[in-house]
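Report on the structure
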Amino acid sequence: MVEPVFMSTLKERKEAIERAGYNTFLLRSEEVYIDLLTDSGTSAMSDRQWAGMMLGDEAYAGSRNFFNLENAIQKYYGYKYVVPTHQGRGAEHIISKIMIKQGDFIPGNMYFTTTKLHQELAGGKFVDIIIDEAHDPESMHPFKGDVDLNKLENLINEVGQDQIAYVAMATTVNMAGGQPISMASLKALRKLTNQYGIKIIHDMTRVAENAFMIQQKEEGYQHKSVEEITRMICDLTDGATMSAKKDAMVNIGGFLAMNDKELFDEARNMVVIYEGLHTYGGMAGRDMEALAIGIAESVKDEHMKARIGQVHYLGNKLLEAGVPIVKPVGTHGVFLDARAFLSHLSQDKFPAQALAAALYLDSGVRAMERGIVSAGRDPITGEHHYPKLELVRLTIPRRVYTQAHMDVVAESVISVFENRNSIRGLKMVYEPKYLRFFQARFESL
Ligand SMILES: Cc1ncc(COP(=O)(O)O)c(C=O)c1O
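To start, this report covers the structure provided alongside it. Here, residues in each chain are numbered from 1, in the same order as that chain's written sequence. Totals for whole chains, interfaces and linings use every residue, but because this is a predicted model, local features are given only for residues with pLDDT of at least 70 and side-chain atom pairs only at 80 or more, for both listing and counting. With hydrogens and water stripped out, all remaining heavy atoms of the structure feed into the side-chain values.

**Regarding the packing of aromatic side chains**
Here the aromatic set is Phe, Tyr and Trp, taking the six-membered ring for Trp, and pairing holds for ring centres within 6.5 Å; pairs whose planes are under 30 degrees apart are stacked, those over 60 apart are edge-to-face, and all others are tilted. Per the counting criterion, the structure on display carries nine aromatic pairs. Ring geometry for Phe 25 against Phe 438: centres 5.0 Å apart, planes inclined by 85°, an arrangement best described as edge-to-face. Highlighted residues: Phe 25 in the loop between helix 1 (10-19) and strand 1 (34-35) and Phe 438 in the loop between strand 13 (426-430) and strand 14 (441-444), separated in sequence by 413 residues. The buried label applies to any residue whose accessible area, calculated with a 1.4 Å probe on protein chains only, is under 20% of its type's maximum; exposed applies above 50%, and partly exposed to all values in between. On the basis of relative accessibility, which here comes to 24%, the residue Phe 438 falls in the partly exposed class. Two conditions define a charge sitting above a ring: the NZ of Lys or the CZ of Arg must be within 6 Å of the ring centre, and it must be within 35 degrees of the ring normal. In this structure, Lys 116 packs its charged tip against the face of Tyr 111, placed 5.0 Å from the ring centre. A helix here means a DSSP run of H or I that spans at least four residues, while a strand means a run of E at least two residues long, and both kinds are numbered starting from the N terminus.

**Considerations on the site of the ligand**
For the ligand, the set of nearby residues contains 13 residues, the closest of which are Gly 88, Arg 89, Asp 203, Ser 243 and Lys 246. Under the rule applied, a polar contact is a pair of N or O atoms within 3.5 Å (in protein, one hydrogen donor and one hydrogen acceptor; residues adjacent in sequence only if both atoms are side-chain atoms). Gly 88 is positioned with one of its backbone polar atoms (N or O) 2.8 Å from an oxygen atom of the ligand. Computed on the free molecule, the ligand has an accessible area of 390 Å², of which 94% lies beneath the protein chains in the complex. For the shell around the ligand, the element with the highest residue contribution is helix 4 (residues 88-99), accounting for three residues. One heavy atom suffices: a residue is near a molecule or strand as soon as one of its heavy atoms comes within 4 Å of it. The accessible surface values rely on the Shrake-Rupley method and a 1.4 Å probe; as for residues, cover is taken only from the protein chains in view.

**Re the packing of helix 8 (residues 207-217) against helix 12 (residues 301-320)**
With axes taken as lines fitted to C-alpha atoms, and helix axes fitted only over the stretch in contact, angles between N-to-C directions fall between 0 and 180 degrees. Where helix 8 meets helix 12, the closest approach of the two axes is 10 Å, and the angle between their N-to-C directions is 85°. When the axes of helix 8 and helix 12 are compared, the pair comes out roughly perpendicular. Between helix 8 and helix 12, the contacting residues are Ala 208, Glu 209, Phe 212, Met 213 and Gln 215 on the first element and Asp 301, Met 304, Lys 305, Arg 307, Ile 308 and His 312 on the second. Throughout this entry, Asp, Glu, Lys and Arg are counted as charged residues, while Ala, Val, Leu, Ile, Met, Phe, Trp, Tyr, Cys and Pro are counted as nonpolar. The remaining residues, Gly among them, count as polar. Among the residues forming the contact of helix 8 with helix 12, the class breakdown is five nonpolar, two polar and four charged. Each angle is binned into one of four classes, with values under 35 degrees roughly parallel, values over 145 roughly antiparallel, values of 65 to 115 roughly perpendicular, and all other values oblique. The criterion used for residue contact is that any of the two residues' heavy atoms lie within 4.5 Å.

**Here's the deal with the pairing of strand 4 (residues 125-128)**
For two strands to be treated as a pair, DSSP must find at least two bridges joining them. Where strand 3 (residues 105-108) lies against strand 4, four bridges are found, and the strand directions are parallel. Within strand 4, the position partnered with Ile 106 by the bridge is Phe 126. Between the parallel elements strand 3 and strand 4, the chain passes through helix 5 (residues 113-121) in a crossover that is right-handed. Clockwise travel from the first strand over the helix to the second, with the strands pointing away from the viewer, marks a crossover as right-handed.

**Quick look at the sheet that holds strand 11 (residues 368-370)**
Reading across the sheet, the three strands line up as 9-12-11 and stay open at both edges, with antiparallel pairing between neighbours. Edge positions in the open sheet fall to strand 9 (333-337) and strand 11, since each of these has one partner strand only. In this sheet, adjacent strand axes meet at a mean angle of 35° when their direction is disregarded. Here strand 11 pairs with strand 12 (residues 391-395) via three bridges, running antiparallel. Along strand 12, the bridge assignment pairs Met 368 with Arg 393. Along the sheet, helix 14 (residues 351-363) makes contact with strand 9, strand 11 and strand 12, crossing strand 12 at roughly 40°.

**Quick notes on the packing of helix 1 against helix 14**
Working note: a packed helix pair is described by the angle between its axes plus the distance between those axes. At their nearest, the axes of helix 1 and helix 14 sit 8 Å apart, and the two run at 150° to each other. Classified by the angle between their axes, helix 1 and helix 14 sit roughly antiparallel to one another. Contacts between helix 1 and helix 14 pair Leu 10, Arg 13, Lys 14, Ala 16 and Ile 17 from the former with Ala 357, Tyr 360, Leu 361, Asp 362 and Ser 363 from the latter. Classifying every residue of the contact of helix 1 with helix 14 by side-chain character gives six nonpolar, one polar and three charged.

**Comments concerning a nonpolar patch on the surface**
Here, patches come from residues exposed beyond 30% relative accessible area and free of salt bridges, joined within 9 Å for like charges and within 5 Å for nonpolar side chains (Val, Leu, Ile, Met, Phe, Trp, Tyr). Whenever a carboxyl oxygen of Asp or Glu lies within 4 Å of a side-chain nitrogen of Lys or Arg, that contact is scored as a salt bridge. Together, Val 272, Ile 273 and Tyr 274 give the surface a local cluster of nonpolar side chains, amounting to about 280 Å² of exposed area. With respect to the element layout, Val 272 can be found in helix 10 (residues 261-274). Residue Val 272 is classed as partly exposed on the basis of its relative accessible area, which comes to 40%.

**Let's talk about helix 10**
Each helix should span, by expectation, one fewer than its residue count multiplied by 1.5 Å. For helix 10, which comprises 14 residues, the first-to-last C-alpha distance of 20 Å matches the rise-based estimate of 20 Å (1.5 Å per residue) to within 8%. Among all positions in helix 10, only Leu 263, Phe 264, Ala 267, Met 270 and Val 271 are buried. Buried residues of helix 10 fall within an arc of 135° about the axis and therefore sit on the same side. Opposite the buried face of helix 10, at more than 90 degrees from it, the exposed residues are Glu 262, Asn 269 and Ile 273. Here the buried face of helix 10 lies against strand 2 (81-85), helix 4 and strand 8 (254-258). Where helix 10 begins, one side-chain oxygen reaches toward the backbone nitrogen of Glu 262, 2.9 Å away; that side chain belongs to Asp 260. Immediately beyond the C-terminal end of helix 10, within one or two residues, lies Gly 276, with a positive phi of roughly 160°. In this description, one arc is meant: the one made by directions from the helix axis to the C-beta atoms.

**Details of the pattern of salt bridges**
Counted according to the given criterion, the structure contains 24 salt bridges. Taking the shortest distance from any N to any O, the salt bridge between Glu 209 and Arg 307 comes out at 2.6 Å. Remark: Arg 307 occurs in helix 12 and Glu 209 occurs in helix 8; sequence separation between them is 98 residues. Of the two residues examined, Glu 209 and Arg 307, each falls in the buried class.

**Topic: the environment of Arg 377**
Among the secondary structure elements, Arg 377 is positioned in the loop between helix 15 (372-375) and strand 12. In this structure, the C-alpha to C-alpha distance between Arg 377 and Gly 239, residues 138 residues apart in sequence, is 29 Å. Here Arg 377 is in contact with Gly 382, Glu 383, His 384, His 385, Glu 431 and Arg 436, once residues within four sequence places are set aside. One polar contact links the side chain of Arg 377 to the main-chain carbonyl oxygen of Gly 382, over a distance of 3.0 Å. Within the structure, Arg 377 has its side chain in polar contact with the side chain of Glu 431 (distance 2.7 Å).

**Things to note about the environment of Met 53**
Note on placement: Met 53 falls in helix 2 (residues 47-53). The exposure class of Met 53 is buried, given its relative accessible area of 14%. Placed 20 residues apart in sequence, Met 53 and Tyr 33 show a C-alpha to C-alpha distance of 28 Å. Discounting chain neighbours no more than four positions away, the residues touching Met 53 are Met 45, Arg 286, Asp 287 and Ala 290.

Following this line, the structure appears as structure tokens:
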């Protein structure tokens, strides 16, 4: 599909961002020129996927599209059992309810907003076991999604293996800047978790992007295809939650997948309460068909080369101009380091939120905050979490924009950087209880 984009005036953008309470999630999409809010559900579907949409079997039960989806997941990811859900958080909800008991711990390679909230709502506590380098935007570690096994062992020794619900392992790590985990780290994690009988639940939202980074950067994988590496990653885990709106390039959809029959029986039973029957789980038949096709397209080397190549094109332009970003450039977007960018603003003045608003004001480019607002509050003390990373995410949808759009984005970021000292901090004036970054409102200080 081709969509028109609209340029606005500075006056219109000023009115829009004030009305939106300086929160880019509260802008209308027609007020946006280039939309880099998220890569979630925003990719362009292919001719084949659209053709698949015409083959929707909308039977309530046993839709043929479900079986096509199940076949694609078994073939490309290797998981035996599939439970469809409306999107990733639907899968997170179900797995958290089944596997987490009150007081359990869930170690993982950095938190993700919805994943962590579902763990907490199920009575668990997330523990960060990612390597320290992941919290440092300047570190050039090639696999900043790697797990620090000492951190995991310390936790096991402290609380005991029975108190660990599972290890939540993400490919790639969104909040760290779209950073991949290496095959070596995953293999070592598998070995250790096997020793203690702990399961690995894989947040496979961007697994093919992670596979591409392994192919590009990890010794010994240069001659393997993205498809082969994707399968190897999945084979090292016990089950997965998937937001199919990213890698698999559909506008809506997700699933839970696993190898354990008992876990599957429980999940398949629970999905009927929260999502829909176990052969659609909140998706239309046509969406499941497009998803089955999108999975096959996502693991093609040529596609990944173009997709991640575009992200790196933008990243390299910003690096050349001396703009502080998370290094090395990750897979689904370029992340501005708002702490370094706006060094005159302390973290409680919401620098990343203010920077995303300033970028919108400059050019109509919509980005989003990934810092203190996204991190939320500690559910027990009520205090803000103060994450080390205070970032603005320029997220690139797949197969939507051209390199010329990336040039416009780079020009705007550079111009905001040159005028950074004029950017003021923000005050939060409305704060919702859950996932506040979606709906919070701010005023300029
Ligand atoms: C790493 C990761 N996990 C889980 C999710 C949640 O998926 P969804 O938005 O489909 O509910 C997302 C989406 O933003 C994500 O990036």
